[in-house]
Amino acid sequence: MSSVQIRDVRKSFGGFEVLHGVSIAIEDGAFVVLVGPSGCGKSTLLRMLAGLENITSGTISIGDRVVNNVQPKERDIAMVFQNYALYPHMTVADNMGFSLKLRGATADEISTGVRRAAEILALTPLLDRYPRQLSGGQRQRVAMGRAIVRDPQVFLFDEPLSNLDAKLRVAMRTEIKELHQRLKTTTVYVTHDQIEAMTMADKIVVMHDGIVEQMGTPLELYDKPDNQFVAGFIGSPAMNFLNGKVKSNGAAGFEGPNGVKLPLGSAPANSEGRPAVYGIRPEHFTIADDGAEAEIVVVEPTGSETQVFAKLGGEQVVAVFRERHQFNPGEKIRLKPDPSLVHLFDETTGKRLN
Amino acid sequence: MADIALQPRVRPPIREATRWEQIKSNRNFIALWFMLPAMAFLLFFLAYPLGLGIWISFTDARIGRPGAFIGLENYEWLWDDSIFWLSVFNTLLYTFVASAIKFGIGLYLALLLNENMPFKAMLRALVLIPFIVPTVLSALAFWWIFDSQFSIISWSLKEMGLITENINFLGDVYWARACVIFANIWRGVPFVAITLLAGLQTVSPSLYEAATLDGATRWQMFRNITYPLLTPIIAVVMTFSVLFTFTDFQLIWAMTRGGPVNSTHLMATLSYQRAIIGGVLGEGAAISNAMIPFLLAAIMVSWFGLQRRKWQQGENND
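Okay, so let's go over this structure. Keep in mind it's a predicted model, so treat the numbers as computed, not measured.

### Quick notes on the overall build of chain B
When you go through chain B residue by residue, the secondary structure sums to 14 helices and 0 strands. For chain B, the α and β elements follow one another from N to C terminus as α-α-α-α-α-α-α-α-α-α-α-α-α-α. The globule rule puts the C-alpha radius of gyration for 318 residues at 20 Å, and the 28 Å found for chain B is more than 25% above it. Counting only residues that meet the buried cut, chain B has 30% of its 318 residues in that class. Looking at chain B alone, contacts between residues at least 24 apart form 68% of all its contacts between residues at least 6 apart.

Structure, rendered in structure tokens:
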């Protein structure tokens, strides 16, 4: 187990810079998730950590050793690939034992190592099978087994669940988290799925266009997003954004599109009349008589909750209710945002204002 | 909602398909029609000549005379014919040496061309050139290169002062064999290289990345990943390569006509010489037919080499 330090790392392909100075500190034993839309550079960063891509500038250290010029196999890391990258012509046992074999371990050492990892992952009955005879979830487990066998300092996961169906993904999510709690190995996990990030991470790093937008625990990111990008990225359904300006007539308030009045917990200093973006999560609406009038467009019940798409001041917003209401399309309801849970962002920079 | 009342659509009565319509849409019936042209082609251009060749080998046919059935007499003749046995030896030597070297060079080139390097597309195209040049044309070029008087190789070596007399490339038994084998390798390498390259490109790059992290050296990656994953393709390529080499005719005929003293006569060239030049069709056919057991053996080897491996995709066989 080791900590990982990424300091001002940049990466260019040809003349095109894809990472613009990324710094991340990962504590020993932490589970860190790099999340962001595709093309944000998260996979590139992971591959640089693994040694599969070279580092244009900046340093990466594992433990207290700078690994910029260390061969991948000397970095003492193990990686689980998105497509698993299992050797198709080797049995499960051979796949898992391959690294030990290359290291020159004896047959006994290999079989002990493989058996230990197979027991952790309940793969023992599958050891003699070939990858093509396994289901997606089993292949995923073999890929993890191959990583465990090496007993590395750091585990790297590159979107490991994106090839699985929705149900299996949820199950494997729990399995990976449980595995981490058991082995306590430092883990860096890349995904584009914010739910995966929220559910698994000790610490989330939100990346966008080659920079780190925000780092923090899942709930920090949910409760206090630094900017509009993070606010829109974390949470499902996504946060509603309404353009308008701060307008406090006595009490703090906000004038949304078409003059719709929205409550504000507290207006930032000297912000009267300032154009801004009003952010409110779908789950922070309530139905109240003093709410803003909205017309229901579509109602989507999911059982545990109901999603309501409605027009508020001409803009479409989504609200989620856990309690059951009788909603019909075309009906008018009064939606009231919880003033203490409103996020206010700068209209041009997207930076948080409150 | 809609203001215009929707007129109920007039539905025609449902009709059973006629017998003819059922036959027309029958998959097997359609498949038969698709297969007919290929079947006719194979019958006329493959089965008929093969059958005729086998029949002629049992007769004493000469050019212009149909000949009478003489049973295995042609084969008995061949059994005692030292030139025939020499041609068998030559063919086997030619095939094994040329195929082995073609495989080695082809695999090396394929691995090289699979790397990322500048002008990759152009280099790949260049490798194909020997394959594109008509055989006779390249044979003629080699004929000049290996000429006893005007050989550029002899000339260069003399200029460098390494030898004093021309090398008699196509006039010496061992030199002649080496020269035709060299020419065959030059022609055959592109086929092996390009086909193996196609096979290499089906290997997922992430396997190499995984192996890199597992700590494999380049040789270990080749030995443990590339080679095993390539074996099915190697089996196909080498079967074809062996078949083409074993039945080679053009190159030999254009360069040496089987000489000197029959030392480069292959079974195909000997058959041609006896049947067409010498006019003894029956004996020529018998020589040709004598190739069949060897070719079948080569196909059997690849048949077992091509057996679906347990790890390969396909029907379940566990």
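### Focus on helix 5 (residues 166-183) of chain A
All names here are of chain A. Under the 1.5 Å per step criterion, the end-to-end length of helix 5 is 26 Å for 18 residues, consistent within 8% with the ideal 26 Å. Buried-residue contacts for helix 5 involve helix 4 (136-149) and helix 6 (194-200). Residue Lys184 follows helix 5 closely and has a positive phi angle near 55°.

### A few points about the sheet that holds strand 8 (residues 186-191) of chain A
All names here are of chain A. In space, the 6 strands of this open sheet follow the order 6-7-8-3-9-10, with mixed pairing throughout. Edge positions in the sheet fall to strand 6 (77-80) and strand 10 (211-216), since each of these pairs with one other strand and no more. Averaged over all pairs of adjacent strands, the angle between their axes in this sheet comes to 15°, without regard to strand direction. Sheet analysis places strand 9 (residues 203-208) next to strand 10, joined by 5 bridges and oriented antiparallel. What sits directly across from Val206, in strand 10, is Gln214.

### A word on unusual backbone geometry
All names here are of chain A. Residue Pro237 is reached from Ser236 by a cis peptide bond, and omega for that bond is -5°. Backbone geometry places Asp76, a non-glycine residue, at a positive phi of 60°. With respect to the helices and strands, Asp76 occurs in the loop between strand 5 (65-66) and strand 6. By the C-beta count within 10 Å, which is 17 here, Asp76 ends up partly exposed. Phi is positive for Ala122, close to 55°, though the residue is something other than glycine. By the secondary structure assignment, Ala122 is in the loop between helix 3 (107-120) and helix 4. Given 12 C-beta atoms within 10 Å, Ala122 falls into the exposed group.

### Some words on the interface of chain A and chain B
Interface extent is often summarised as the accessible area lost during association of the parts. Facing 19 residues of chain A, the contacting portion of chain B comprises 18 residues. For the side of chain A that touches chain B, the secondary structure elements donating two or more residues are strand 6 and helix 2 (92-103) of chain A. With 4 residues, the top contributor of residues to the side of chain A that touches chain B is helix 2 of chain A.

### Comments concerning the nonpolar core
One finds Val33(A), Leu34(A), Met79(A), Leu156(A), Val188(A), Val205(A) and Val180(B) to be the most contacted residues of the largest nonpolar core, which totals 152 residues. Ranked by residues supplied to this core, first place goes to helix 9 (residues 173-200) of chain B with 11 residues. Apart from the residues within four sequence positions on either side, Leu34(A) is in contact with Lys42(A), Leu45(A), Leu46(A), Val188(A), Val190(A), Val205(A) and Met207(A).

Reading the values: the criteria
- Residues numbered from 1 in each chain as written.
- Chains lettered and ligands numbered in written order.
- Predicted model: local features only at pLDDT ≥ 70, side-chain atom pairs only at ≥ 80, totals over all residues.
- Helix = DSSP H or I, 4+ residues; strand = E, 2+ residues; numbered from the N terminus.
- Rg over C-alpha atoms; globule rule 2.2 N^0.38 Å.
- Buried ≥ 20, exposed ≤ 12 C-beta atoms within 10 Å, placed from the backbone.
- Contact = placed C-beta atoms within 7 Å.
- Expected span 1.5 Å × (residues − 1).
- Pairing = 2+ DSSP bridges.
- Axes fitted to C-alpha atoms, helices over the stretch in contact; angles between N-to-C directions.
- Core = buried A, V, L, I, M, F, W, Y, C linked by C-beta atoms within 7 Å.

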